[in-house]
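# Architecture at a glance
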Amino acid sequence: MTGGFLIVRRGGTLWGLPADQVSGIQRTETVEKPEVPAAGGGIELRLAGGGRLAVDAVLTLAAELAVRPLSARLRPHLPAGSAGLALLAGEPLVLMTLADRVLHD
Amino acid sequence: MSTTPYLLVRCGEKVAALPAAAVRRVVRGTRLHPLPGAGPGLIGLAEFAGEPLAVLDLAQLLGEERGSSRPPVTVVTWLGSGEERELVGLGVDDAIEVVELDPSALALGTALVGGRPVAVVDTERLGVEA
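It should be emphasised that the depicted structure is a prediction, and the values quoted were computed from it without experimental measurement.

### Points about the overall build of chain B
When helices and strands are tallied, chain B shows two helices and 10 strands. Taking 130 residues into account, the globule formula puts the C-alpha radius of gyration at 14 Å, and chain B, at 14 Å, falls close to it. If you line up chain B on its principal axes, its C-alpha atoms span 45 × 35 × 30 Å. Here chain B holds 130 residues, and the buried ones make up 39% of them. Look at the contacts in chain B between residues 6 or more apart in sequence, and 56% of them connect residues 24 or more apart.

Given below as structure tokens:
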């Protein structure tokens, strides 16, 4: 997966991830126990640098995002790994950087 | 002596004064998107004028404790100066009125309005560690 941003929903909020840092997407719900939902909505992203990230839903692939980098004022308030803010269809979005592989569940 | 207009806002038990020149808009019932994993000072994210807007808790920024309730009013405010100036939402419990304060109130960080102490907010430095 290369270019653009993968847009996912986690905890009710939109997040964008550089698509070239995502190597795969898989469902984590098991066929044997479909009545037991997996944590994070049952979808897991495999990250190119190693690691996995559970998400509620994978929404779309955005070719471009107008990202506003986080200022020194805002950075301490956002989760680690947040790199900037953007809007997608009128909804705010947090751009994550996976370079340091700091992710939160 | 010239005076400067300030917007009085209530945050918890405290009343604070924001320079009216820095205030872009007062919005009630902003659609806020909470952000799991964020610090306690961030109430959520919103959209304003086609841009993403981080909404911070003014009470927290002023060192006050806040209860569990979310501030119902967002004051869209310019914080910082020069190239670092940015538009931020400040969550407050209510916007009260605009008053005129002596310019020295900003340096003092406090003023008396109607006999009540008011925290005078320096929007150029608010939220930046000293």
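Once you've had a look at it, read on.
### Notes on the interface of chain A and chain B
In this assembly, 20 residues from chain A lie in contact with 23 residues from chain B. Elements with a contribution of two residues or more to the side of chain A that touches chain B: strand E8 (82-88) and strand E9 (91-96) of chain A. Looking at side-chain class alone, the side of chain A that touches chain B contains 10 nonpolar, seven polar and three charged residues.

### A few points about the environment of Ser82 of chain A
All names here are of chain A. Its place among the elements puts Ser82 in strand E8. On a C-alpha basis, the gap between Ser82 and Leu95 in space is 5.8 Å, while along the polypeptide they are 13 residues apart. Among all residues touching Ser82, those that are not within four sequence positions of it are Leu70, Val94 and Met96.

### A word on the pairing of strand E4 (residues 43-47) of chain A
Residues and elements named next belong to chain A. Strand direction decides the pairing type here: strand E3 (residues 22-27) and E4, joined by five bridges, are antiparallel. Paired with Gly24 across the two strands is Arg46, which belongs to E4. One ladder, built from four bridges, connects E4 with strand E5 (residues 52-55); its direction is antiparallel. Paired with Leu45 across the strands is Leu53, a residue of E5. Between the end of E4 and the start of E5, which pair antiparallel, lie four residues, with Gly50 showing a positive phi angle near 100 degrees.

### Here we look at the sheet that holds strand E6 (residues 73-79) of chain B
All names here are of chain B. Within the open sheet, the five strands sit side by side as E3-E6-E7-E5-E4. Their pairing is mixed. Edge positions in the sheet fall to strand E3 (23-28) and strand E4 (42-48), since each has one partner strand and no second. Shown here is a sheet whose adjacent strand axes are inclined to one another by a mean of 30 degrees, direction ignored. The pairing of E6 with strand E7 (residues 86-92) spans seven bridges and is classified as antiparallel. Bridge pairing in E7 links Leu79 to Glu86.

### A short note on the sheet that holds strand E1 (residues 4-11) of chain B
To summarise the sheet geometry, strands pair through backbone hydrogen bonds and adopt either a parallel or an antiparallel arrangement. Residue and element names in this part refer to chain B. Reading across from one edge, E8-E1-E2-E10-E9 is the order of the five strands in this open sheet, with mixed pairing throughout. The sheet is open, and its two borders are formed by strand E8 (94-101) and strand E9 (110-113), each paired with just one other strand. The average undirected angle you get between the axes of adjacent strands in this sheet is 35 degrees. Summarising the sheet, strand E2 (residues 14-19) and strand E10 (residues 116-120) pair through two bridges and their orientation is parallel. From the neighbouring strand, Ala16 faces E10, where its bridge partner is Ala119.

Parameters at a glance
- Residues numbered from 1 in each chain as written.
- Chains lettered and ligands numbered in written order.
- Predicted model: local features only at pLDDT ≥ 70, side-chain atom pairs only at ≥ 80, totals over all residues.
- Helix = DSSP H or I, 4+ residues; strand = E, 2+ residues; numbered from the N terminus.
- Rg over C-alpha atoms; globule rule 2.2 N^0.38 Å.
- Buried ≥ 20, exposed ≤ 12 C-beta atoms within 10 Å, placed from the backbone.
- Contact = placed C-beta atoms within 7 Å.
- Nonpolar A, V, L, I, M, F, W, Y, C, P; charged D, E, K, R; others polar.
- Pairing = 2+ DSSP bridges.
- Axes fitted to C-alpha atoms, helices over the stretch in contact; angles between N-to-C directions.

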